[in-house]
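# Examination of the molecular architecture
Here is what each chain is made of, one letter per residue.
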Amino acid sequence: MENKELRDKRREFLKTSALIAGGVFLNQFAFAGGHFSADDTIKIALIGCGDRGTGAAFQALSTKENVKLVAMADAFQDRLDNSYKALSTKFKDKVDVPQDRRFVGFDGYQKAIALADVVLLVTPPGFRPMHFEEAVKQGKHVFMEKPVAVDAPGIRKVLATAEIAKQKKLNVVVGLQRRYQENYRESLKRIQDGAIGDIVGGQVYWNSGGVWVKKREASQTEMEYQMRNWYYFNWLCGDHIVEQHVHNIDIANWVKNAYPVSVQGTGSRAWRTGKDYGEIYDNHAVELTYADGAVIYSQCRHYEGTQNRVDETFQGTKGRTYLSGSNQAVLWDHTGKEIYNHPTKGNKNPYQTEHDELFAAIAKNEFKFADAERSAKSCFTAIIGRYATYSGQVIKWDEALKAENSLMPDQLTWTANPKVMPDANGLYPIPMPGKTKVL
Amino acid sequence: MNVKKLLALPLLMSSFLSPAQEKGKPYQQQINGTKLNFSMQPVPGGEFLMGSKKGKPDEQPVHKVKISPFWMSTYELTWDLYEPFLYKDYETTNSTSPVPENVDAVARPTKPYLDMTFGMGKENHPALAMTHYNAIQYCKWLYARTGVFYRLPTEAEWEYASRAGSSSEYAFGDDASKLGDYAWFAENSDGKTHPVGKKKPNKWGLFDLYGNVAEWTYDQYIPDFYTKVKGEKMDDPVAVPENLYAHVIRGGSYDAKASDLRSAARLASDPIWKQLDPQIPKSNWWFPEAPFIGMRLVRPVTPPSKAEIDAYYNQPVIADY
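As the structure is a computational prediction, the values presented were derived from the model and not from experiment.

A separate point is the overall build of chain A. The helix and strand inventory of chain A stands at 13 helices and 15 strands. On C-alpha atoms alone, chain A measures out to a radius of gyration of 22 Å, which is about the 22 Å that the 2.2 N^0.38 rule sets for 439 residues. Overall, chain A is about 60 × 60 × 40 Å in size when its C-alpha atoms are taken along their principal axes. The buried share among the 439 residues of chain A stands at 59%.

With that settled, consider the packing of aromatic side chains. Throughout the structure, instances matching the rule amount to 45 aromatic pairs over all chains. Pairing B:Y312 with B:Y313 gives two aromatic rings, centres 5.7 Å apart and planes at 70°, and the pair type is edge-to-face. This pair shows no difference in class: B:Y312 is buried, exactly as B:Y313 is. In this structure, A:R102 packs its charged tip against the face of A:Y84, placed 3.7 Å from the ring centre. The ring of A:Y290 has A:K256 sitting right over it, with the charged end atom 5.9 Å from the ring centre.

Before going further, it helps to spend a moment on the pattern of salt bridges. Counting across every chain of the model gives 45 salt bridges over all chains. A salt bridge links A:D292 to A:K256, with the nearest nitrogen and oxygen atoms 2.5 Å apart. Taken together, the positions of A:D292 in the loop between β9 (283–289) and β10 (295–302) and A:K256 in helix α10 (residues 246–256) put the pair 36 residues apart, joining distant regions of the chain. Owing to a relative accessible area of 12%, A:K256 belongs among the buried residues under this scheme. Notably, a salt bridge pairs B:E91 with B:R145, separated by 2.9 Å at the nearest N-O pair. With B:E91 in helix α3 (residues 88–93) and B:R145 in helix α5 (residues 132–146), the pair connects residues that are 54 residues apart, well separated along the chain.

Okay, helix α5 (residues 128–137) of chain A next. Residue and element names in this part refer to chain A. With 7 of its 10 residues buried, α5 lies for the most part within the structure. Of the positions making up α5, those classed as buried are R128, P129, H131, F132, E134, A135 and V136. Downstream of α5 by one or two residues, G139 has phi in the positive range, about 75°.

This paragraph deals with the confidence of the model for chain A. Chain-level pLDDT for chain A is 93 on average; 91% of the residues reach the 70-or-more range. Counted against residues more than four places away or in other chains, residues 1–32 of chain A, with its pLDDT under 50, gives 34 contacts.

By a widespread convention, an interface's size corresponds to the accessible area lost as its parts come together. Between chain A and chain B, the contact holds 34 residues from the first and 23 residues from the second. Summed over both partners, the interface of chain A with chain B buries about 2500 Å², with 50% contributed by carbon and sulfur atoms. Linking A:E304 and B:K111 is a salt bridge whose minimum nitrogen-to-oxygen distance equals 3.0 Å. Where chain A packs against chain B, one counts 12 residue pairs in polar contact (both at pLDDT 80 or more). Of all the secondary-structure elements, those providing two or more residues to the side of chain A that touches chain B are α2 (51–61), α3 (77–91), β7 (199–208), β11 (309–316) and α11 (350–363) of chain A. The element contributing the most residues to the side of chain A that touches chain B is α2(A), with 6 residues. Counted by class, the side of chain A that touches chain B contains 10 nonpolar, 17 polar and 7 charged residues.

We now examine the sheet that holds strand β9 (residues 266–268) of chain B. Residue and element names in this part refer to chain B. Taken together, the 4 strands give an open sheet; going across it, the order is β9-β8-β6-β10, and neighbouring strands pair in mixed fashion. In this open sheet, the two strands that pair with only one neighbour each are β9 and β10 (293–294). Note: strand β6 (residues 214–220) against strand β8 (residues 247–250), 3 bridges, orientation antiparallel. Within β8, the position partnered with E215 by the bridge is R250.

Core analysis: the largest hydrophobic core is formed by 148 residues, its most contacted members being B:Y82, B:Y138 and B:M295. Among the elements that take part in this core, helix α12 (residues 372–391) of chain A stands out by supplying 10 residues, more than any other.

Turning next to a positive patch on the surface. Residue and element names in this part refer to chain A. Together, K64, K348, K364 and K368 make up a region of like positive charge exposed at the surface. Relative to the helices and strands, K64 resides in the loop between α2 and β2 (67–74). Under the relative-accessibility criterion, K64 is labelled exposed at 81%.

Residue and element names in this part refer to chain A. Relative to the helices and strands, T353 resides in helix α11. For the pair T353 and F58, spaced 295 residues apart in sequence, the C-alpha to C-alpha distance is 12 Å. Dropping the residues within four chain positions of it, T353 is found in contact with Y180, R185 and K348.

All names here are of chain A. Note on placement: S298 falls in strand β10. With a relative accessible area of 0%, S298 lands in the buried category. Polar side-chain contacts of S298 include one of 2.9 Å to the side chain of H245. In contact with S298, not counting residues within four places along its chain, are V204, H245, I249, H284, A285 and V286.

Right, let's talk about the side chain of B:D236 for a bit. Residues and elements named next belong to chain B. With respect to the helices and strands, the residue D236 is situated in the loop between β7 (234–235) and β8. No salt bridge is formed by the buried D236; the nearest opposite charge belongs to R151, separated by 6.8 Å. A distance of 2.6 Å separates the side chain of D236 from the side chain of S68, its partner in a polar contact.

The subject of this paragraph is the packing of helix α6 (residues 152–167) of chain A against α12(A). Residue and element names in this part refer to chain A. Direction vectors running N to C along α6 and α12 enclose 170°, while the axes themselves pass 9 Å from each other. It follows from the interaxial angle that α6 and α12 lie roughly antiparallel. For the pair α6 and α12, the contacting residues are A152, I155, V158, L159, A162, E163 and K166 in the first and A372, E373, A376, K377, C379, F380, I383 and Y387 in the second. The class makeup of the residues in the contact of α6 with α12 is 11 nonpolar, no polar and 4 charged.

On to the pairing of strand β5 (residues 70–73) of chain B, then. Residue and element names in this part refer to chain B. Burial along β5 is two-sided: the face carrying F70 and M72 and the face carrying W71 and S73 are both buried. Bridge count for strand β2 (residues 37–43) against β5 is 4 bridges, and the pairing is antiparallel. Within β5, the position partnered with M40 by the bridge is S73. Pairing analysis gives 3 bridges linking β5 to strand β11 (residues 298–300), with the strands arranged antiparallel. Following the sheet pairing, M72 is matched in β11 by V298.

Procedures and definitions
Residues numbered from 1 in each chain as written. Chains lettered and ligands numbered in written order. Predicted model: local features only at pLDDT ≥ 70, side-chain atom pairs only at ≥ 80, totals over all residues. Heavy atoms only, no water. Helix = DSSP H or I, 4+ residues; strand = E, 2+ residues; numbered from the N terminus. Rg over C-alpha atoms; globule rule 2.2 N^0.38 Å. Buried < 20%, exposed > 50% of the residue type's maximum accessible area, 1.4 Å probe, protein only. Phe/Tyr/Trp six-rings, centres within 6.5 Å; stacked < 30°, edge-to-face > 60°. Lys NZ or Arg CZ within 6 Å of the ring centre and 35° of its normal. Salt bridge = Lys/Arg side-chain N within 4 Å of Asp/Glu carboxyl O. pLDDT = per-residue confidence, 0-100. Contact = heavy atoms within 4.5 Å. Buried area = accessible area lost by both parts, 1.4 Å probe. Polar contact = N/O pair within 3.5 Å; in protein donor to acceptor, adjacent residues only side chain to side chain. Nonpolar A, V, L, I, M, F, W, Y, C, P; charged D, E, K, R; others polar. Pairing = 2+ DSSP bridges. Core = buried A, V, L, I, M, F, W, Y, C linked by side-chain atoms within 4.5 Å. Patch = residues over 30% accessible without salt bridge, like charges linked within 9 Å, V, L, I, M, F, W, Y side chains within 5 Å. Areas by Shrake-Rupley, 256 points an atom, 1.4 Å probe, with all protein chains shown as cover. Lys, Arg positive; Asp, Glu negative; His and termini not counted. Charge placed at Lys NZ, Arg CZ, Asp CG, Glu CD. Axes fitted to C-alpha atoms, helices over the stretch in contact; angles between N-to-C directions. Parallel < 35°, antiparallel > 145°, perpendicular 65-115°, else oblique.

Laid out in structure tokens, this is it:
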């Protein structure tokens, strides 16, 4: 990392050249957080080296800018090693991460963040608030994956940190990639221009066959087991309504240009009842009620051998729309006449667009992206969906946001116990509507 | 390993066919331990002219090919037949007896994050968006279940079967205006797959070879493969795949124009079909942007040896970065 003097010099240089150039930096955010290497190399740290983290690093290193991966951190040595191997094979001279810049364990993130201009926060979501707070404290630009938190205390931390990031003019892109996908951008532009009127109702779905599962190994401590099989534990994952379905819920909020005031719903474990599946539900159905009275229905489930559906539909006072992550977007007027149909072929990869746009802004010293607040609010919508299905109660946004029930373990070490532990049969306590308290 | 030899089937054993699977006759294959079955049509051995003078350069030169007899599945593989392979819990609940150990041991696809039916429907609809590797692993699962060697058609077998003795652009002639009687394609599909077997079959009783979903063949896509013909004719030619891209797909899909459905038209798989996969390494199992690819099964009349079968199913996985 370069020293402060060099940084100040570069800042001074930028100011001076802006004056001399007389308007090259017209953008009011010209002096955004910036990157301050001696040359114009943008240095990247990868925090979380799983398959998605490695994918995010591939995308960052595939941008047109002069980028270099300089540090990596992961809780597990093997995940870091595999990721390093894939990255250094593919990108060779863009990967400069010697042994002493590879950090293994729960606290490696701080050291890795310190070495970079831009950090990729791609661990399981439970750690995100902590990592985001540290990155912004250290003045770094951020790409972080969704979800950005798994409980109300985490959301409050992300919202507070989002404010500081704005003040520091740090770019923050969040991996709700539909926001960067052409069919959504094109259709949302039209919807917000009133093409189908005011949105009065909608339905959003993530009904799929489920995800991976990692079996317990005899040598593992409880902490290691939960970290490996993280999808099934709420302090790490937030349940699949948060971890996956947030994509569709975020579209509901985007289309409404608002967040629900209250949520109620129902859910259970119908299929996934064994000890490999931790504590999460395999189905949730909730209603999101907005201040203007609009109700959007949300359904997510992980069932095998049933109908699958991952998409969003909305009804407005002048028409309706169908949207999906497979590049589809169709708008109809109230008579059923098609008014827009997005071509499904030839679309850019939204996961790449996220990084292309982020790194282009950073290279130009522009402050263009402040995704954290809206992403935190969409994640919170999903979290109170979980609060509603676990408790069976109507959950009010404002009250829930004050909740003090952090799911994070008191200690993060391999021998410490997470808050939710298995019984003698290896089964975990399952939330029970009417009994489970969430607030 | 000599896969060409495996596919060319040396006549070293007289096959033990049950009466229901008599050479040259259609039969029903029960998937043992489940209530599922599917039908197979006989395709006689013979010679044909592969390629088309009217087509693209990769379809030329037209050359003589000799094909050994086989059976081909009457229909494209449906989700109904595919899902017990995809989902282990689902397989367990849909089995009439405990899942045998050798079946349980077959590697299964990662569960797709997205809806791989793409909203087009599941019951009797073709399974789709699986990779070439995935398609071969399905055959392996089927072998573990049934003890019968099923595999993907070679490119030559596919074209031979689709021609069903014809030498015209389509098996029914050169006039694409009749295609709607035989196929779901861009002009009549409404942008989605349809239940299999709703259109007319060809003369050999095979449905939906044209359109609905395009179909995997075993071959590597080599644009000038036909120029490498030596001698008067090729016996059971195959471009043995060594690379992850590209493989030949045939038949065109619900999404394709008429010319892509012609018997000789060659199409190739494309890594861009995985761009919506955000993970590295990318999935060996799914193409999130290829809802137009499916598969059809072939069974050679003379099965290869156990060692050759194992070699076919257990080829090394190529990681996709």
